[in-house]
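These are the residues of each chain, in order.
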Amino acid sequence: MKLRSYMLIGFFLSLLLGVVPFSGNFTNAVTPTATAPVSALSFSKGVQKTVLDNGLTVLTKEVHTAPVVSVQVWYKVGSRNEIKGENGISHQLEHLMFKGTNDRPVQFGRLFSALGSQFNAFTSYDETAYFGTVQRDKLEALLTLEADRMENSLIGTEQLTSEKRVVISELQGYQNFPSIRLGEAVMRAAFPNRAYGLPVGGTKADVEKFTVEQVRNYYQTYYSPENATLVITGDFATEPVLKVVKETFGKLSKRPKTAATRSTAPVATLTPGAKKAPIVLKQPGSAALLQAVYPLPDIKHPDVPAIDVMDAILTGGRSSRLYQALVESGLASSVSGGAAELIEPGWYDISATAAPGQELPKIAQVLQQSLAKLQQQPVTPEELNRAKTQLQASFVLGNQDITSQASQLGYNQTVAGDYRFIEQYLAAIAKVTPAQVQKVAKTYLNPAKQTLGFFEPTQPDGQPGTSGAGSGRTVENFSPGKPVDPAELAKYLPAATSATDSNKQSLPEQFTLANGLRVLLLPDHSVPTVNLSGQIDAGTQFDGNQKAGLANLTATNLMNGTQTKNALTIAKTLEDRGASLDFSASREGVNVNGEGLSTNLPILIQTLADVAQNATFPEDQLELSRQRALTSLKVQLDDPNGLGRQVFQQAIYPENHPFHSFPTVESLKSITRDDLLRFYKEHYRPDTTTIALVGDFEPAKVKELLNQAFGKWQATGKPLVLKLPTVPLPQTLTRLNKVIPGKTEAVTYIGYNGISRKDPRFYAALVLNQILGGDTLSSRLGTEVRDRQGLTYGIYSAFAAGINPGPFLIQMQTAPGDAQKAIASTVALLKQLRQQGVTEAEFNTAKRSITNSYPVDLANPSDVSSIILSNAVLGLSRAEIREFPQRIQAVTMTQVKQAIEDLIQPENVVIVTAGPGDTTPKGS
């Protein structure tokens, strides 16, 4: 859908390290039947639009399902507005908007974190948006902060210098990924004279040249009330909130326009018959990639609904035409597509990853044949209904929480010019005919207008290069600055209104079927959807080194056929009705994720029951999934994040430990169908399965449904239980370095084995981690390594605490030349923490931040189902979902000191860096 495509092409000031890929496909989107049960009209109902005297558009929507509110500010400026030589200035400004204001010269991330806000920001082609979701009593504080930075942001030499390094680290990190490099080359060729052809985040060459005056002028030009939309959704009363909005934002004045007039060229056109040769990138990498781009009209064009239906037919799930033609045939490991419909004419994008041994020209040929067939023959009624269903339901399922609802409103108002755009759009979707789909396919999928790109990897088999290893101290001595004093921070923090009692979280009903299957049910009638989370104790810990990858191959083959249905029938059963169901193996279990409209809950449960009991693992599908697994392995070994994590984990855990095991080419090739059948029979059991359901249902009916679907599933004997060996800390500091040719940024992991979730120190460790590295903008690690020194785009710490102890780890991305300084800084911060402890103010702020943000998690039904499931699987009380904040509040300073004493060991860390060149210090 619109928001889905658009969100994915933005550049986030991300709270997670990683790439935001561009993909508008609906492979995981889920859907309703021919007509959506919740109309767009009901979505817009209750929205009040107010325009202040200074031109600020304000959209308010009361949603009283949870005691939280979302505040978002959308500026109508993005990379579309950039002129030659300033590519990336919108994105650079987004970063600077967190550096403080004249009256609050502090990192705004710390202020948001202190409020317990779940916050972020992103830049896209047409807009830049800032958003935070908090408990309702913090609403006024968020409004005050957003109004302050709309007019008074600090944009000085010091701020720009440090944040330039951060932005360059971010951009260079994206260059680690061949798909990003190919995408940039294809877009430049498709739109050589338009800003849309340049990367949203910018180029290193332009970013390095930005001046303070240049960025200030850009800010003065575009960050003005009449160029912005303020969206507020959630648990509030409209009139009092509008009064606050007028007091905070109403006093801001329109800005004089000082920057050069910016315009972009009209949509690119190519003369029919002038088909271009493919762009070919031959560079180090793993898998071969294809990307095709076709020019499209703008978002208001009447063809847009039919284009999106066409996209769903081509790439909307396993039953889609391109999945069947490319993936099911064994030519490609994956295929995706998406329409970028923007303020100016956009484009349609199709991407595919080649299966091992398959040639890109052959994939391009089959792709063109599939598109030609769509142009020549009308689509079937079945395909048309399925596509409409996917589009309609992706809207319903994508707006289950207030943050998503605010984003949808902000996007519609900013890009389409009307917050009610979704009403017209879905009404038009319902009316799309086969003739219209055929017409837009002929009009826009013209081979003469296509820009085609191939990425051909030059590094054989994705093998990493040489590595260095050593033990000893890092060579730099580094003295970190003083921790930020939250008491000093507090004077810049707007006051919260008088706190009101939060809604008391309902507890799930828990029961066990006669065969031992555990079920947790939590009705939530606020949205007509259901969210299913499950776990089966059949994770990769049961693999063993010789058959590493067995658990995941078993899980991914569950949907490939049962005794009564083949893979395509199973896919259509779900996709026709607006539901999705998928399985993936993690260390401690197989994760089950499903969602759909509430009317389709029986289909979800019946499909889950069928594949859990009756999977047949067809040989041909096993071979296809094996090829996909081999491709994924290549990609992982070519990714500094993936390779670094594997080397880090294998350095911590001995060979006889399940956490040491990772798939190899040899292990994946050795796995047979008999291995899958044996694993399935041994580990897929009702008495090791837990299911959590949250959504719009009646518990009594669900119980009856579960008994019917799972009643005959029986297990024999007792389930296998592994006894994991104890893992001591490393004796000394250990350094490992893995070189991957062709990369631009290094990724570093630092840590050792940690604790389990049921460890009595867990809650104290959570408070400690919040202070150390729980947030890249407000933590000690973020303050020193990211904010002060500008060495990384993101640095985080975490205790990966599961049923068994998992690693304590710190992760960061740096330029190769900065890796050693960042590592030395991090180790010094760990030593500082151990020697000096934490302050009372830090301790109290961390506890407030965790407990204040927790209600935001509980406001999303999908998150609630995951939390309920996790608590049950970890052996925690049903009441944990309600009592978690109290457990955090009960943590004492003494307990945190003990956690530091026990769990922070800077002399014993394992340090793994993966990326370009050797970043290991000489002599270490």
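Quick caveat: nothing in here was measured; it's all calculated off a predicted structure.

A.B. asks: Would you mind showing me how to read the overall build of the protein here?
C.D. replies: Assigned secondary structure in the protein consists of 33 helices and 24 strands. Per-residue burial over the protein gives 63% buried out of 924 residues. Long-range pairs, those at least 24 residues apart, make up 84% of the contacts in the protein with a sequence separation of at least 6. In the structure as shown, the protein presents an accessible area of about 33400 Å², 51% of it carried by carbon and sulfur atoms.

A.B. asks: Got a minute to help me understand the sheet that holds strand 15 (residues 518–523) in this structure?
C.D. replies: What the six strands build is an open sheet, ordered 14-15-19-16-18-17; its pairing is mixed. The open sheet has two free edges, formed respectively by strand 14 (509–512) and strand 17 (579–585), since each of these has just one partner strand. Across this sheet, the average inter-strand angle for adjacent strands is 15 degrees, counted without regard to direction. Across the face of the sheet, helix 14 (residues 381–397) comes into contact with strand 16 (529–536) and strand 18 (590–597) while running at roughly 105 degrees to strand 18.

A.B. asks: Looking at this structure, I do not really get empty space enclosed by the protein. What am I missing?
C.D. replies: One water molecule sets the probe size; rolling that probe over the atoms shows where empty space is left. With the rule as written, the count across this model stands at ten cavities of 30 Å³ or more. The space that makes up the second largest cavity amounts to roughly 240 Å³. In terms of lining, the second largest cavity is formed by 18 residues, of which the most central are Pro486, Ser778, Ser779, Glu842 and Thr845. Going through the elements one at a time, helix 4 (108–115), helix 18 (486–490), helix 27 (762–772), helix 28 (780–788) and helix 30 (840–857) are the ones with two or more residues in the lining of the second largest cavity. A total of four residues in the lining of the second largest cavity trace back to one element, the largest contributor, which is helix 30. Each residue belonging to the lining of the second largest cavity can be placed in one class, and the counts come to seven nonpolar, seven polar and four charged.

A.B. asks: Is there a simple way to think about the sheet that holds strand 12 (residues 451–457) in this case?
C.D. replies: Two modes of strand pairing occur in sheets, parallel and antiparallel, and in both the strands are linked by backbone hydrogen bonds. One open sheet holds the five strands; their spatial order is 8-12-9-11-10, and the pairing between them is mixed. Looking at which strands have only one partner, the edges of the open sheet turn out to be strand 8 (279–283) and strand 10 (332–340). Mean inter-strand twist for the sheet, computed between neighbouring axes without regard to direction, equals 10 degrees. Relative to strand 9 (residues 289–295), helix 7 (residues 178–190) is tilted by about 30 degrees, and along the sheet it contacts strand 8, strand 9, strand 11 (347–354) and strand 12.

A.B. asks: Please clarify how the environment of arginine 628 should be interpreted in this entry.
C.D. replies: Examined against the element boundaries, arginine 628 turns out to sit in helix 22 (residues 619–637). In this structure, the C-alpha to C-alpha distance between arginine 628 and proline 356, residues 272 residues apart in sequence, is 8.1 Å. Apart from the residues lying within four places of it in its own chain, the contact partners of arginine 628 are Tyr323, Val327 and Ser333.

A.B. asks: Explain the packing of helix 3 (residues 89–96) against helix 9 (residues 212–222) to me, please; I cannot follow it from the model alone.
C.D. replies: Two packed helices can be described by the angle between their axes and the distance between those axes. Packing of helix 3 against helix 9 leaves a shortest axis separation of 10 Å and a crossing angle of 85 degrees. When the axes of helix 3 and helix 9 are compared, the pair comes out roughly perpendicular. Of the residues in helix 9, those touching helix 3 at Ile89, Ser90, Leu93 and Leu96 are Gln214, Val215, Tyr218 and Tyr219. Of the residues contributing to the contact of helix 3 with helix 9, the split by class is six nonpolar, two polar and no charged.

A.B. asks: What should I look at first to understand helix 20 (residues 567–575) in this one?
C.D. replies: Every α-helical turn comprises 3.6 residues, leaving residues that sit three or four positions apart pointing alike. Residues Ala567, Ile570, Ala571, Thr573, Leu574 and Glu575 constitute the buried set of helix 20. For helix 20, the secondary structure elements touched by its buried residues are helix 14, strand 17, helix 21 (601–614) and helix 22. Its side-chain oxygen placed 3.3 Å from the backbone nitrogen of leucine 568, asparagine 566 serves as the N-cap of helix 20.

A.B. asks: It is not clear to me how the pairing of strand 15 should be interpreted in this structure. Could you clarify?
C.D. replies: Consecutive residues of a regular strand have side chains that alternate between opposite faces of the sheet. Where strand 14 lies against strand 15, four bridges are found, and the strand directions are antiparallel. The residue of strand 15 that forms the bridge with glutamate 509 is leucine 521. Count of turn residues in the strand 14/strand 15 antiparallel hairpin: five residues, of which glycine 516 carries a positive phi of about 100 degrees. Both strand 15 and strand 19 (residues 689–695) contribute to a ladder of six bridges, which runs parallel. Looking across to strand 19, one finds that leucine 520 is bridged to alanine 692.

A.B. asks: Just checking my understanding: could you explain the pattern of salt bridges for this structure?
C.D. replies: Should their charged atoms come close, side chains of opposite charge can pair. Enumeration according to the criterion identifies 36 salt bridges in this entry. The salt bridge involving aspartate 902 is made with arginine 761; its shortest N-O contact spans 3.3 Å. In this pair, aspartate 902 is assigned in helix 33 (residues 893–903) and arginine 761 in the loop between strand 21 (746–753) and helix 27, connecting sequence segments 141 residues apart. Residue aspartate 787 pairs with arginine 786 through a salt bridge whose shortest N-O separation is 3.9 Å.

A.B. asks: I would appreciate a short explanation of the packing of helix 27 against helix 33 in the present structure.
C.D. replies: For the pair helix 27 and helix 33, interaxial distance at closest approach is 9 Å and the crossing angle is 85 degrees. The orientation of helix 27 relative to helix 33 falls into the category roughly perpendicular. For the pair helix 27 and helix 33, the contacting residues are Ala764, Ala765, Val767 and Leu768 in the first and Gln895, Val896, Ala899, Ile900 and Leu903 in the second. In the contact of helix 27 with helix 33, the residues fall into eight nonpolar, one polar and no charged.

A.B. asks: What am I meant to see in the confidence of the model for the protein here?
C.D. replies: A low pLDDT score tells you not to read the predicted coordinates there in detail. This prediction gives the protein a mean pLDDT of 90; 90% of its residues lie at or above 70. Scored below 50 in pLDDT, residues 1–38 shows 159 contacts in the model against residues more than four places distant or in partner chains. Predicted confidence is poor over residues 471–475, with pLDDT under 50, and the contacts of this stretch with residues over four places away or in other chains come to 15 contacts.

A.B. asks: Would you take a moment to explain the nonpolar core for this structure?
C.D. replies: Considering soluble globular proteins, one finds that nonpolar side chains tend to be buried as a cluster. Of all hydrophobic cores here, the largest spans 70 residues; its most connected members are Val309, Met310, Tyr348, Leu374, Val437 and Leu445. Among residues more than four places away in sequence, those in contact with leucine 374 are Met310, Ile313, Leu314, Arg321, Val379, Val437, Gln438, Ala441 and Leu445. Membership of the second largest hydrophobic core comes to 67 residues, among which are Val519, Leu521, Leu643 and Val727.

A.B. asks: What am I meant to see in the side chain of serine 598 here?
C.D. replies: Note that serine 598 resides in the loop between strand 18 and helix 21. On the basis of relative accessibility, which here comes to 16%, the residue serine 598 falls in the buried class. Within the structure, serine 598 has its side chain in polar contact with the side chain of aspartate 696 (distance 3.4 Å). Every residue in contact with serine 598, bar those within four places of it in the chain, is listed here: Pro528, Thr529, Val530 and Asp696.

A.B. asks: Before we go on, may I ask you to explain helix 11 (residues 304–315) in this structure?
C.D. replies: Here helix 11 contains twelve residues, and its C-alpha end-to-end distance of 16 Å stays within 8% of the 16 Å for a straight helix at 1.5 Å per residue. Where burial is concerned, most of helix 11 is hidden: twelve out of the twelve residues are buried. Residues Val304, Pro305, Ala306, Ile307, Asp308, Val309, Met310, Asp311, Ala312, Ile313, Leu314 and Thr315 constitute the buried set of helix 11. Following helix 11 by one or two positions, glycine 317 adopts a phi angle in the positive range, close to 100 degrees.

A.B. asks: Quick question: what am I supposed to make of the layout of surface pockets here?
C.D. replies: By volume, the largest pocket amounts to about 1100 Å³. Looking at the largest pocket, it is lined by 45 residues, and the ones nearest its centre are Thr65, Ala66, Pro67, Leu858 and Ala859. Contributing elements (two or more residues each) for the lining of the largest pocket: helix 2 (40–44), strand 3 (57–62), helix 14, helix 15 (402–416), strand 15, helix 30, helix 31 (861–873) and helix 32 (880–889). Considering each element in turn, the lining of the largest pocket owes the most residues, five residues, to helix 32. Taken together, the residues of the lining of the largest pocket break down into 21 nonpolar, 16 polar and eight charged.

Reading the values: the criteria
Residues numbered from 1 in each chain as written. Predicted model: local features only at pLDDT ≥ 70, side-chain atom pairs only at ≥ 80, totals over all residues. Heavy atoms only, no water. Helix = DSSP H or I, 4+ residues; strand = E, 2+ residues; numbered from the N terminus. Buried < 20%, exposed > 50% of the residue type's maximum accessible area, 1.4 Å probe, protein only. Contact = heavy atoms within 4.5 Å. Areas by Shrake-Rupley, 256 points an atom, 1.4 Å probe, with all protein chains shown as cover. Pairing = 2+ DSSP bridges. Axes fitted to C-alpha atoms, helices over the stretch in contact; angles between N-to-C directions. 1 Å grid on protein atoms, 1.4 Å probe; cavity = no way out; pocket = protein on both sides within 12 Å on 5 of 7 lines; lining within 4 Å. Points joined across faces, edges and corners; volume = space filled by probe spheres on them. Nonpolar A, V, L, I, M, F, W, Y, C, P; charged D, E, K, R; others polar. Parallel < 35°, antiparallel > 145°, perpendicular 65-115°, else oblique. Polar contact = N/O pair within 3.5 Å; in protein donor to acceptor, adjacent residues only side chain to side chain. Salt bridge = Lys/Arg side-chain N within 4 Å of Asp/Glu carboxyl O. pLDDT = per-residue confidence, 0-100. Core = buried A, V, L, I, M, F, W, Y, C linked by side-chain atoms within 4.5 Å. Expected span 1.5 Å × (residues − 1).

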